[in-house]
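# Structural features, examined
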Amino acid sequence: MSPALRFLNAPASSFFLLGPRGTGKTTWVREQFPDALAVNLLQPDTYRELVARPERLRELVRGNRDRRDVVIDEIQRVPELLHVVHDLIEQPEAPRFVLTGSSARKLRRGGVNLLAGRAALRSMHPFLAAEWPNFSLPRALAFGLVPLVVSAADTRDTLAAYVGAYVEQEVRAEGLVRQIGDFARFLEVVSFSHASTLTVTNVARDTGVSRTTVEGYLDVLEDLMLAFRLPVFTRRAARATVAHPKFYFFDTGVFRALRPTGPLDRPAEVDGGALEGLVAQHLRAWIAYGTAPCELFYWRTRGGSEVDFVVYGPRDFFAIEVKNADRVRAEDLRGLRTFVTDYPECRPLLLYRGVERLEIGGIPCWPVDDFLRALTPDERPVPIAPAVTNREPD
């Protein structure tokens, strides 16, 4: 199996590296910092020693002054260590600290406000298509792109174990929820909201718990970086927009593993959510690894016009629609045309499951496979197109 190339670049100063388990944080750190002083808090002996006496970290660092990098893996397991790290960073000729973690909540609780800005913040995501030499769109839609999963000999079983381990090891062991049964039922219910507008009241009703409880569960998913909510784009809005965000699991394989299916489920509905989620996770990683600041939104008016993704920043303004079909129909372009009418500065793009690159009425229409493979940090993902006409193609 060919080795993966990760696009994440290490800052020159100390930094946090956050991301879900299995996304390759530890592997990347070992490759980037082979000579670092390594403190792995997943090792029971190391964990017990530093929980009992966090100041031992200071002794370790001072006893290894020749090491210019100090890696602390899974720092959220002993957040009290951040007080020691904070003090060491303030010292002359301090080493660079690389602090990996998979739980933002525990760091915020005990982390001196994440070192009060003295450490940069980076995130690790599932593979981009361009990072994984063995990328296959059908396999990515079925199993996602979490490195731990796609690198395994038995992808299906590894994915199932990965999702189960998160519920057991992260949620139960950390005491993040009181009723694990209610939370497991919530995961199943909220999977139907993947790539859709999230209505918390409906999720609470179908789960059989209160709205407040569901809000707490959603916070847990986001704190563990297992899911994210996409806000609606409202800048200089010419039309009334909806208020609810869209919901996505961080990886389309995780969505597939959690989403129950049966005779009443239409495959196209599940496949469409998987495809849109795959594009979403790519865009998030592209933003995280790039140097040009921008944010990810979606757009939907109360009249029903919608664009799946809006990328907005000082340099970039893109509108992207995703269709799980091998042909482009005139109605597929209506949301983009409406958005371009309101925001003529944006660059539109439609992604579909076909194999030809088209341009219809000034809107580029690309195979989604081409788009994902070409997506690399700091390279603009949307081609420059001529002025968009509002006349629908024949």
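Bear in mind that the values here come from a model prediction, so they are computed numbers and not experimental data. (Residues numbered from 1 in each chain as written. Predicted model: local features only at pLDDT ≥ 70, side-chain atom pairs only at ≥ 80, totals over all residues. Heavy atoms only, no water.)

## What to know about the overall build of the protein
Quick note on the threshold: A helix here means a DSSP run of H or I that spans at least four residues, while a strand means a run of E at least two residues long, and both kinds are numbered starting from the N terminus. Using C-alpha atoms as the atom set, the radius of gyration is obtained and then compared with a globule rule of 2.2 Å times the number of residues to the power 0.38. For the exposure calls, accessible area comes from a 1.4 Å probe over protein chains only, and a residue counts as buried if that area is under 20% of its type's maximum, exposed if over 50%, partly exposed in between. Pairs of residues are marked as contacts when any of their non-hydrogen atoms sit within 4.5 Å. Residue exposure ignores everything except the shown protein chains as possible cover, and the areas themselves are Shrake-Rupley values with a 1.4 Å probe. Only four residue types enter the tally: Lys and Arg on the positive side, Asp and Glu on the negative side; His and the chain ends are excluded. To locate a charge, the coordinates of NZ of Lys, CZ of Arg, CG of Asp or CD of Glu are taken.
When you go through the protein residue by residue, the secondary structure sums to 16 helices and 14 strands. Taken against the 2.2 N^0.38 rule, which gives 21 Å for 394 residues, the C-alpha radius of gyration of the protein at 22 Å falls within 12% of a compact globule. Considering only C-alpha atoms, the protein reaches an extent of 75 × 45 × 45 Å along its principal axes. For the protein, buried positions account for 52% of its 394 residues. Summarising the internal contacts of the protein: among those between residues at least 6 apart in sequence, 70% fall at separations of at least 24. Summed over all atoms, the accessible surface of the protein reaches about 18100 Å², with 47% contributed by carbon and sulfur. The distance from the centre of the 50 positive side-chain charges to the centre of the 50 negative ones in the protein is 2 Å.

## Things to note about the sheet that holds strand β5 (residues 120–123)
Inclusion rule: Should DSSP find at least two bridges between two strands, the strands are taken to pair. Note on geometry: axes are C-alpha line fits, over the in-contact stretch for helices, and angles between N-to-C directions span 0 to 180 degrees.
Read from one edge to the other, the open sheet built from 5 strands follows the order β2-β3-β4-β1-β5, with strand pairing classed as parallel. Each edge of the open sheet carries a strand with a single partner, namely β2 (37–40) and β5. Averaged over all pairs of adjacent strands, the angle between strand axes in this sheet comes to 15°, irrespective of strand direction. Its contacts with the sheet place helix α4 (residues 81–89) against β1 (15–18), β3 (69–73) and β4 (96–101), and it is angled at close to 160° to β4.

## As for the pattern of salt bridges
Any two side chains of opposite charge can pair, on the condition that their charged atoms come close. Basically, it comes down to this: For this analysis, a salt bridge means a side-chain nitrogen from Lys or Arg found within 4 Å of a carboxyl oxygen belonging to Asp or Glu.
Counted according to the given criterion, the structure contains 29 salt bridges. The partner of R205 in a salt bridge is D206, and the shortest N-O contact between them spans 3.3 Å. Given a relative accessible area of 56%, R205 falls into the exposed group. On the basis of relative accessible area, D206 is assigned to the partly exposed category, the value being 46%. The network of salt bridges with shared partners includes R211, E215, D219, E222 and R229.

## Some thoughts on the packing of aromatic side chains
The following threshold applies: Two aromatic rings from Phe, Tyr or Trp, using only the six-membered ring of Trp, form a pair when their centres are within 6.5 Å; if the ring planes differ by under 30 degrees the pair is stacked, by over 60 it is edge-to-face, and anything between is tilted. A ring is considered to have a charge above it if a Lys NZ or an Arg CZ atom is located within 6 Å of its centre and within 35 degrees of its normal.
Under the criterion given, the structure shown has 21 aromatic pairs. With 5.4 Å between their ring centres and 70° between their planes, F233 and F297 make a pair best called edge-to-face. Pair noted here: F233 is in the loop between β7 (227–230) and β8 (246–249) and F297 is in strand β9 (residues 295–300), with a separation of 64 residues, a long-range link. For F297, a relative accessible area of 10% gives the class buried. Seen in terms of ring centroids, W299 and F339 are 5.0 Å apart; in terms of plane orientation they differ by 75°. Their pairing is edge-to-face. Of this pair, W299 sits in strand β9 while F339 sits in helix α15 (residues 334–342), and the two are 40 residues apart along the sequence. The exposure classification of W299 matches that of F339, with both residues buried. An aromatic cluster is built from F233, F297, W299, Y312, F317, F339 and Y343, whose rings are joined through pairwise contacts. The ring centre of Y47 lies 4.1 Å from the NZ or CZ of R77, which sits over that ring. One residue, R357, lies across the ring of W366, its end atom 4.0 Å from the ring centre.

## Focus: the nonpolar core
Applied cut-off: We call a set of buried residues a nonpolar core when its members are Ala, Val, Leu, Ile, Met, Phe, Trp, Tyr or Cys and they connect through side-chain atoms within 4.5 Å of each other.
Core analysis: the largest hydrophobic core is formed by 86 residues, its most contacted members being F186, F249, F309, I320 and F371. Examining the composition of this core, we find that 11 residues originate from one element, helix α14 (residues 267–289), more than from any other. Contacts of F186, omitting those with residues within four sequence positions, involve V203, T207, V214, Y217, L218 and L221. L18, L57, V84 and M225 belong to the second-largest nonpolar core, a separate cluster that totals 24 residues.

## Some remarks on the pairing of β4
For the record, the criterion: Crossovers are described as right-handed under a simple rule: with the strands pointing away from the observer, the path leading from the first strand over the helix to the second runs clockwise.
Burial analysis of β4 places 5 of its 6 residues in the buried class, the great majority of the element. Strand direction decides the pairing type here: β1 and β4, joined by 4 bridges, are parallel. Of the residues in β4, the one forming a bridge with L17 is T100. As paired strands, β3 and β4 are joined by 4 bridges and run parallel to one another. Looking at β4, one finds that D69 is bridged to R96. Between the parallel pair β3 and β4, the chain is carried across by α4, and the sense of this crossover is right-handed.

## Notes on the pairing of β9
A regular strand places its side chains on the two faces of the sheet in alternate fashion. Bridging between β9 and strand β10 (residues 306–312) involves 5 bridges; their strand directions are antiparallel. Bridge pairing links E295 to Y312 in β10.

## Let's talk about the sheet that holds strand β12 (residues 347–352)
On the basis of which strands lie adjacent, the open sheet formed by 6 strands has the order β9-β10-β11-β12-β14-β13 and mixed pairing. The open sheet terminates on both sides in strands that have one partner only, identified here as β9 and β13 (358–360). Averaged over all pairs of adjacent strands, the angle between their axes in this sheet comes to 30°, without regard to strand direction. Relative to β10, α14 is tilted by about 10°, and along the sheet it contacts β9, β10, β11 (317–322) and β12.

## Some thoughts on the packing of helix α11 (residues 200–207) against helix α12 (residues 211–223)
Quick note on the threshold: We call two directions roughly parallel when the angle between them is under 35 degrees, roughly antiparallel when it is over 145, roughly perpendicular when it lies between 65 and 115, and oblique otherwise. Charged means Asp, Glu, Lys or Arg here, nonpolar means Ala, Val, Leu, Ile, Met, Phe, Trp, Tyr, Cys or Pro, and polar covers whatever is left, Gly included.
Between α11 and α12, whose axes approach to 8 Å, the crossing angle comes to 105°. On the basis of their axis angle, the class for α11 and α12 is roughly perpendicular. Here V200, T201, V203 and A204 of α11 lie close against α12, whose contacting residues are R211, V214, E215 and L218. When grouped by side-chain class, the residues that make up the contact of α11 with α12 number 5 nonpolar, 1 polar and 2 charged.

## Regarding the side chain of Q281
Let me state the cut-off plainly: Contacts described as polar in this section are N or O atom pairs within 3.5 Å, which, within protein, must combine one atom able to donate a hydrogen with one able to accept it, while residues neighboring in sequence count only if both atoms come from side chains.
Following the sequence through the fold, Q281 ends up in helix α14. Look at Q281 and you get buried, because its relative accessible area is 4%. For Q281, the side chain forms a polar contact with the side chain of D251, separated by 3.1 Å. Filtering out sequence-adjacent residues up to four positions away, Q281 remains in contact with P126, L145, F250, D251 and T252.

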